[in-house]
Each structure stands twice: as structure tokens, then as C-alpha cells.
Amino acid sequence: MIRQAIKLIWNQRRKHLGLSFEIFFSFLVLFAVFSFGFNNLDKYLQPLGFEYEDIWTFQFNRATQNDSLALAIDEIVSQQINNYPEVEAMSFCNYNVPFSGSVNTTLVGHGNTAYDTQIHWVDDNYFSTMQLDLIAGRFFGAEDRAMAKIPIVITEDLANLLFPAGDALGK
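Residues numbered from 1 in each chain as written. Predicted model: local features only at pLDDT ≥ 70, side-chain atom pairs only at ≥ 80, totals over all residues. Heavy atoms only, no water.

Caption draft 1: Seen up close, the overall build of the protein. Each helix and strand counted, the protein has five helices and two strands in total. Secondary structure elements of the protein occur, N-terminal to C-terminal, as α-α-α-β-β-α-α. Its C-alpha atoms give the protein a radius of gyration of 26 Å, clearly above 16 Å, the size a compact globule of 171 residues would have. If you line up the protein on its principal axes, its C-alpha atoms span 85 × 40 × 30 Å. (Helix = DSSP H or I, 4+ residues; strand = E, 2+ residues; numbered from the N terminus. Rg over C-alpha atoms; globule rule 2.2 N^0.38 Å.)

As C-alpha cells, then:
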């Protein structure tokens with residue numbers, strides 16, 4: 001039946017030119033919708049790389065620019081939170097935690113290539129709190145605070161983009 005309809009349209013194509021365009025553009029719209037859907041499904045099925053169950057976040061503003069006072073406030077807050085028996089681990093990080101809807105981006109590059117990436121300022125406990133898996137190298141710790149350069153941990157995807165020929169450690 002569809003074959004017969006197509007044959008009728010083709011034989012009188014001058015009369016049905018508008019219908020032909022309508023079918024063509026309908027196909028394009030369907031293709032775009034399905035491409036968008038399958039692309040988002042693929043993103044949804046990718047592993048997150050961290051645990052999100054039983055993770056709670058709260059925000060507070062120290063309202064101070066003094067680093068020594070801020071560290072003291074962080075220590076007091078950390079001790080108070082860790083006093084609760086329900087708390088297994090806690091960490092400090094900036095406002096763009098996962099699922100918050102906030103982003104903090106910066107340009108990260110090596111050589112002639114640079115990529116706009118999301119950046120998270122975190123403390124030493126963040127990796128164990130979020131149960132992140134480490135592929136190579138190590139997570140930073142208290143010994144890294146005195147370094148001249150700020151240590152960073154990058155994702156495997158970014159490492160492959162910036163260093164396609166080899167290892168990203170120490171670079």
C-alpha cells in the first residue's frame with residue numbers, strides 16, 4: 001500500500017511537490033529527535049566515577065578572607081560534623097558539587113592544546129568521601145600544600161586529550 005502511494009506521488013510529482021517536501025522535512029525532524037535521544041541515552045549510561053548514594057551536602061559561608069581564621073573555622077566545623085555517629089566521612093569543596101547545577105570552569109592545557117574543563121576545589125578527604133577510583137598516580141594530601149604549583153587530579157578523558165602519546169603524571 002505504501003509502495004502504491006509512493007508510485008502515485010512519483011507519477012504526479014509536480015502536483016505533489018509540497019507533499020514530498022513535507023515528507024522529507026518530517027524525516028529530518030525524526031532523525032534529529034532520535035539522534036538527540038540516543039546521544040543523551042549514551043551519556044546517561046556512562047559510569048559516573050563516584051558514589052552519590054548516602055552523600056549529603058550543605059553550604060555555609062565563612063564570611064572571612066583571612067586564611068588562618070578560615071582554616072580554624074573549617075577545623076571546628078569538621079570536628080562538630082565528625083562527632084555525629086552517622087557521619088562516615090566528610091569533606092570541604094567549593095560550591096559546584098555533583099548534581100548542584102553549578103559549574104566552575106577554567107582553561108586547562110598542555111603544549112598547543114587547551115580545553116575548557118570543570119574545576120572543583122576540594123580538600124584532602126574529598127576522594128575518599130566520594131569513593132573515587134584512581135587509575136594512575138596518587139590523590140593529593142597535606143604534604144602537597146607547601147608546593148609552589150597547585151597539584152591537580154584530572155580525569156582519564158582529559159588525560160587522553162592532553163597527552164595522547166603517553167603518561168600525564170608529573171606534567
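On we go from here.
Caption draft 2: Fine view of the confidence of the model for the protein. Per-residue pLDDT for the protein averages 83, and the proportion of residues at 70 or more is 96%. Here helix H1 (residues 2-11) stands out as the element of the protein with the lowest mean pLDDT, 82, in contrast to helix H2 (residues 17-45), whose mean of 92 is the highest. (pLDDT = per-residue confidence, 0-100.)

Caption draft 3: Spotlight on the environment of Ser91. Structurally, Ser91 is set in the loop between helix H3 (67-82) and strand S1 (105-110). Leaving out residues up to four positions away in the same chain, Ser91 has contacts with Asp123, Asn125, Tyr126 and Thr129. In terms of polar contacts, Ser91 uses its side chain to reach the side chain of Asp123, at 2.4 Å. Looking at Ser91, its side chain comes within polar contact range of the main-chain nitrogen of Tyr126, at 3.2 Å. (Contact = heavy atoms within 4.5 Å. Polar contact = N/O pair within 3.5 Å; in protein donor to acceptor, adjacent residues only side chain to side chain.)

Caption draft 4: Representation of H3. When the terminal C-alpha atoms of H3 are compared, their 22 Å separation across 16 residues agrees well with the 22 Å that a helix rising 1.5 Å per residue should span. Those residues of H3 that sit buried are Ala70, Asp74, Val77, Ser78 and Ile81. Along H3, the residues classed as buried sweep out an arc of 100 degrees about the axis, all on the same side. Opposite its buried face, H3 presents the exposed residues Ser68 and Ile76, each directed more than 90 degrees away. (Expected span 1.5 Å × (residues − 1). Buried < 20%, exposed > 50% of the residue type's maximum accessible area, 1.4 Å probe, protein only. Arc of directions from axis to C-beta.)

Caption draft 5: Layout of a negative patch on the surface. On the surface, Glu51, Glu53, Asp54, Glu88 and Asp133 cluster together into a negatively charged patch. Given a relative accessible area of 80%, Glu88 falls into the exposed group. (Patch = residues over 30% accessible without salt bridge, like charges linked within 9 Å, V, L, I, M, F, W, Y side chains within 5 Å. Areas by Shrake-Rupley, 256 points an atom, 1.4 Å probe, with all protein chains shown as cover. Salt bridge = Lys/Arg side-chain N within 4 Å of Asp/Glu carboxyl O. Lys, Arg positive; Asp, Glu negative; His and termini not counted. Charge placed at Lys NZ, Arg CZ, Asp CG, Glu CD.)

Caption draft 6: Representation of the packing of aromatic side chains within the structure. Per the counting criterion, the structure on display carries seven aromatic pairs. With a centroid separation of 6.2 Å and an interplanar angle of 85 degrees, the aromatic rings of Tyr126 and Phe127 are classed as edge-to-face. The exposure class assigned to Tyr126 is buried, which follows from its relative accessible area of 11%. On the basis of relative accessible area, Phe127 is assigned to the buried category, the value being 7%. (Phe/Tyr/Trp six-rings, centres within 6.5 Å; stacked < 30°, edge-to-face > 60°.)

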